Amino acid sequence: MAFIAEPVMGAGGVLTPPTSYFEKIQAVLNKHDVLMIADEVICGFGRTGNMWGSETYNIKPDIITCAKALSSGYIPISAVLINDTVYQLIAQQSAGLGSLGHGFTYSGHPVAASVALETLDIYEEMGLVETVQEISPVLQNGIRAFADHALVGETNGVGMLAVAELVSNKNTGEAFPSEKRVGPHLLDRALEHGLIVRALGDRIAFSPPLVISKVKIEEMFKRFGKALDDTKKWLETDQ
Amino acid sequence: MTDDNGKDYIEGMSGLWCTALGFGNERLAEAAARQIRDLSFYHGFNQKSHAPQIELAERLLGLAPVPMSKVFFANSGSEANDTAFKLVWYRSNAIGTPEKKKIIGRVKGYHGVTIAAASATGTPINHQAFDLPIDRSCTLTVPTMLVAQNLVKAKSNIQRVWPKISTPLLSRKARTPLWPLLQNPSWALAGF
Ligand SMILES: Cc1ncc(COP(=O)(O)O)c(C=O)c1O
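Residues numbered from 1 in each chain as written. Chains lettered and ligands numbered in written order. Predicted model: local features only at pLDDT ≥ 70, side-chain atom pairs only at ≥ 80, totals over all residues. Heavy atoms only, no water.

**Some words on the overall build of chain A**
Then, in step 1: Counting its regular elements, chain A contains seven helices and nine strands.
Then, in step 2: Expressed as lengths along the three principal axes of its C-alpha atoms, the size of chain A is roughly 70 × 40 × 30 Å.
Then, in step 3: Contacts spanning at least 24 positions in sequence make up 61% of the contacts within chain A whose residues lie at least 6 apart.
Then, in step 4: Of the roughly 8,900 Å² of accessible surface on chain A, a fraction of 50% belongs to carbon and sulfur atoms.
Then, in step 5: For chain A, the separation between the mean place of its 19 positive charges and that of its 28 negative charges on side chains is 7 Å. (Helix = DSSP H or I, 4+ residues; strand = E, 2+ residues; numbered from the N terminus. Contact = heavy atoms within 4.5 Å. Areas by Shrake-Rupley, 256 points an atom, 1.4 Å probe, with all protein chains shown as cover. Lys, Arg positive; Asp, Glu negative; His and termini not counted. Charge placed at Lys NZ, Arg CZ, Asp CG, Glu CD.)

Right, dumping it as structure tokens:
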């Protein structure tokens, strides 16, 4: 039995866990011998301000999965890391059966592995974690500056992940009816202003390259602000 | 990013949370070219391996946030998660608890679209009309972190809130191995 969680939920809407969330979960997992799998596919490699999301949220995983930034997305490769307790049991079982019947033709493909190694070299040389810790306040302060905007409810984020939620009533936090497609409308306005972001429902997500400059982040939010204002105008005239 | 009309964009999402180093990094292009010339393909079956794979595994073990022992490579997040789940099942059989095979995901969690990864994913659109989730997985959680946050803040509320959260979970056919977990109020505290 295992429990799997992203340290920060990505596609679900950039949802950060409350402090002590994972510690409390893991106490129960340990008690019942349920393994903890950290899905670090998004959070791994600096995204949350530490090398791993598990470090940011004090997760002690038995198994880690990672992908995406392992090769900076340049070539498909992912990895599963398992601890020795898990490994020993698997080794025992497969010794009994003769071999472990699991593997892909392209597992650890040399070209993908080389690109991943070069990616890790670059991370090391640039000081990935320090870079993120230095630049991420610009992203976090930038997104929170939209908290005053009439269309924006929650603003949140960690490291180089940020989100602004679009709401129909700022005071109650009431959402727009999904058939109104406010998120997608905003994406189109953002495109007009030269910005590519993602709408997870009406939660607008930002996850820029970790090497983005302060000036680029500021420009990114300037464009987002214009898209927000256009969307507000559209809502006003549409009603 | 530039589109086919020459219009310039800021890519605020690194593609799909991917391009940590931005686009067009020369060193990565070179690394691929070099490796294609040097050893274009090799596999890891029949006790075979090769330097880049071994070196990468060692690098990852060195970076891991907790002591880790072995690395398995795949090609996507979904495959990595499916692999993790298969290893969990394999381990259950090794320790003689074949009935304890549930993979517990969370509502709104996303782990990919292969059969097991999609099952652990907590969004209906990844299940509907695919006949998912498989019965070896289930998703738990209250839908918003805000609820969890309030719970953590107001520990005294647990007794009051727990029955509200647990009822729908428990009524969803008590799946035996999960029973002790669901009964534990600290799941509620944790947002379950
Ligand atoms: C947290 C997480 N896990 C797993 C996956 C699945 O990865 P892939 O699309 O490479 O199969 C994703 C993809 O977005 C993800 O965000």
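**With respect to the nonpolar core**
Then, in step 1: Counting residues in hydrophobic clusters, the biggest one holds 64 residues, and the most contacted among them are Phe45(A), Phe206(A), Phe224(A), Leu56(B) and Leu60(B).
Then, in step 2: When residues of this core are sorted by domain, at least three fall in each of domain 1 (2-126) and domain 2 (128-237) of chain A. (Core = buried A, V, L, I, M, F, W, Y, C linked by side-chain atoms within 4.5 Å. Buried < 20%, exposed > 50% of the residue type's maximum accessible area, 1.4 Å probe, protein only. Domains from an automatic or database assignment.)

**Considering the pairing of strand S2 (residues 35-39) of chain A**
Consecutive residues of a regular strand have side chains that alternate between opposite faces of the sheet.
All names here are of chain A.
Then, in step 1: With five of five residues buried, S2 is to be regarded as a mostly interior element.
Then, in step 2: Residues of S2 alternate between two faces, with Leu-35, Ile-37 and Asp-39 on one and Met-36 and Ala-38 on the opposite face, all of them buried.
Then, in step 3: By the bridge criterion, four bridges tie strand S1 (residues 2-5) to S2 in an arrangement that is parallel. In the sheet register, Ile-4 faces S2, and the bridge partner there is Ile-37.
Then, in step 4: In this fold, the crossover linking S1 to S2 by way of helix H1 (residues 21-31) has right-handed handedness.
Then, in step 5: Two strands pair when backbone bridges link them, and S2 and strand S3 (residues 63-66) are joined in this way by three bridges, in the parallel orientation. By the bridge assignment, Asp-39 is partnered in S3 with Thr-65. (Pairing = 2+ DSSP bridges. Right-handed = clockwise from strand over helix to strand, strands pointing away.)

**Some words on the packing of helix H5 (residues 128-144) of chain A against helix H7 (residues 214-238) of chain A**
Residues and elements named next belong to chain A.
Then, in step 1: As a packed pair, H5 and H7 sit with axes 10 Å apart at the nearest point and diverge in direction by 15°. Accordingly, the angle class assigned to the pair H5 and H7 is roughly parallel. Regarding H5 and H7, the two cross each other, and that crossing is right-handed. Residues Ile-135, Val-138, Leu-139, Gly-142 and Ile-143 of H5 lie in contact with H7, whose contacting residues are Lys-214, Ile-217, Met-220 and Phe-221.
Then, in step 2: The class makeup of the residues in the contact of H5 with H7 is seven nonpolar, one polar and one charged. (Axes fitted to C-alpha atoms, helices over the stretch in contact; angles between N-to-C directions. Parallel < 35°, antiparallel > 145°, perpendicular 65-115°, else oblique. Left-handed = near helix turned anticlockwise from the far one by under 90°. Nonpolar A, V, L, I, M, F, W, Y, C, P; charged D, E, K, R; others polar.)

**Quick notes on the packing of helix H3 (residues 84-97) of chain A against helix H4 (residues 77-94) of chain B**
Working note: a packed helix pair is described by the angle between its axes plus the distance between those axes.
Then, in step 1: Contact geometry of H3(A) with H4(B) gives a least axis separation of 9 Å together with a crossing angle of 70°. The angle between the axes of H3(A) and H4(B) places the two elements in the roughly perpendicular class. Residue-level inspection shows Val86(A), Leu89(A), Ile90(A), Gln92(A), Gln93(A), Ser94(A) and Leu97(A) of H3(A) in contact with H4(B), the latter providing Leu87(B), Tyr90(B), Arg91(B), Asn93(B) and Ala94(B).
Then, in step 2: Considering only residue class, the contact of H3(A) with H4(B) consists of seven nonpolar, four polar and one charged.

**Regarding a nonpolar patch on the surface**
Then, in step 1: A contiguous nonpolar patch, built from Tyr106(A), Phe41(B) and Tyr42(B) and spanning about 290 Å² of accessible area, is present on the exposed surface.
Then, in step 2: One can find Phe41(B) in the loop between helix H2 (26-38) and helix H3 (51-63). (Patch = residues over 30% accessible without salt bridge, like charges linked within 9 Å, V, L, I, M, F, W, Y side chains within 5 Å. Salt bridge = Lys/Arg side-chain N within 4 Å of Asp/Glu carboxyl O.)

**So, the interface of chain A and chain B**
Then, in step 1: Tallying the contact residues gives 117 residues for chain A and 99 residues for chain B.
Then, in step 2: With both chains or domains summed, chain A and chain B bury close to 9,400 Å², and 67% of this area falls on carbon and sulfur atoms.
Then, in step 3: Taken together, the connections running from chain A to chain B amount to six salt bridges.
Then, in step 4: At the boundary of chain A with chain B, the tally comes to 43 residue pairs in polar contact (both at pLDDT 80 or more). (Buried area = accessible area lost by both parts, 1.4 Å probe. Polar contact = N/O pair within 3.5 Å; in protein donor to acceptor, adjacent residues only side chain to side chain.)

**What about the sheet that holds strand S5 (residues 152-158) of chain A?**
All names here are of chain A.
Then, in step 1: Spatial strand order, S5-S6-S9-S8: four strands in an open sheet with antiparallel pairing. Of all the strands in the sheet, the pair left with one neighbour each is S5 and strand S8 (198-200). Recorded for the sheet is a direction-independent mean angle of 25° between the axes of neighbouring strands.
Then, in step 2: In the sheet, S5 pairs with strand S6 (residues 161-166) via five bridges, with the strands oriented antiparallel. Opposite Val-158, over in S6, you have Leu-161 as the bridge partner.
Then, in step 3: H5 rests against S5, S6 and strand S9 (203-206) of the sheet, and its axis sits at about 170° to S5.

**Observations concerning the site of the ligand**
Then, in step 1: In the vicinity of the ligand, the contacting residues are Glu6(A), Asp39(A), Val41(A), Ile42(A), Lys68(A), Ser76(B), Gly77(B), Ser78(B), Asn81(B), Tyr110(B), His111(B) and Gly112(B).
Then, in step 2: Residue neighbours of the ligand fall on chains A and B, so the site bridges chains.
Then, in step 3: At 3.4 Å from a nitrogen atom of the ligand is found a main-chain nitrogen or oxygen belonging to Tyr110(B).
Then, in step 4: Contact with the protein chains covers 83% of the free accessible surface of the ligand, which is 390 Å².
Then, in step 5: A per-element tally of the shell around the ligand places H4(B) first, with three residues.
Then, in step 6: Its residues assigned to classes, the shell around the ligand comprises three nonpolar, six polar and three charged. (Near = heavy atom within 4 Å.)

**So, the environment of Ile135(A)**
Residues and elements named next belong to chain A.
Then, in step 1: Mapping Ile-135 onto the fold places it in helix H5.
Then, in step 2: The exposure class of Ile-135 is buried, given its relative accessible area of 11%.
Then, in step 3: In sequence terms Ile-135 and Asn-50 are 85 residues apart; their C-alpha atoms lie 13 Å from each other.
Then, in step 4: Sequence-distant contacts of Ile-135, defined by excluding residues within four places in its chain, comprise Met-160, Leu-210, Ile-212, Ser-213, Lys-214 and Ile-217.

**Thoughts on helix H4 (residues 110-126) of chain A**
Residues and elements named next belong to chain A.
Then, in step 1: In this model H4 runs 24 Å from its N-terminal to its C-terminal C-alpha over 17 residues, within 8% of the 24 Å that 1.5 Å per residue would give.
Then, in step 2: Burial analysis of H4 places 13 of its 17 residues in the buried class, which makes it a mostly covered element.
Then, in step 3: Directly beyond the C-terminal end of H4, a positive phi value near 70° is found at Gly-127. (Expected span 1.5 Å × (residues − 1).)

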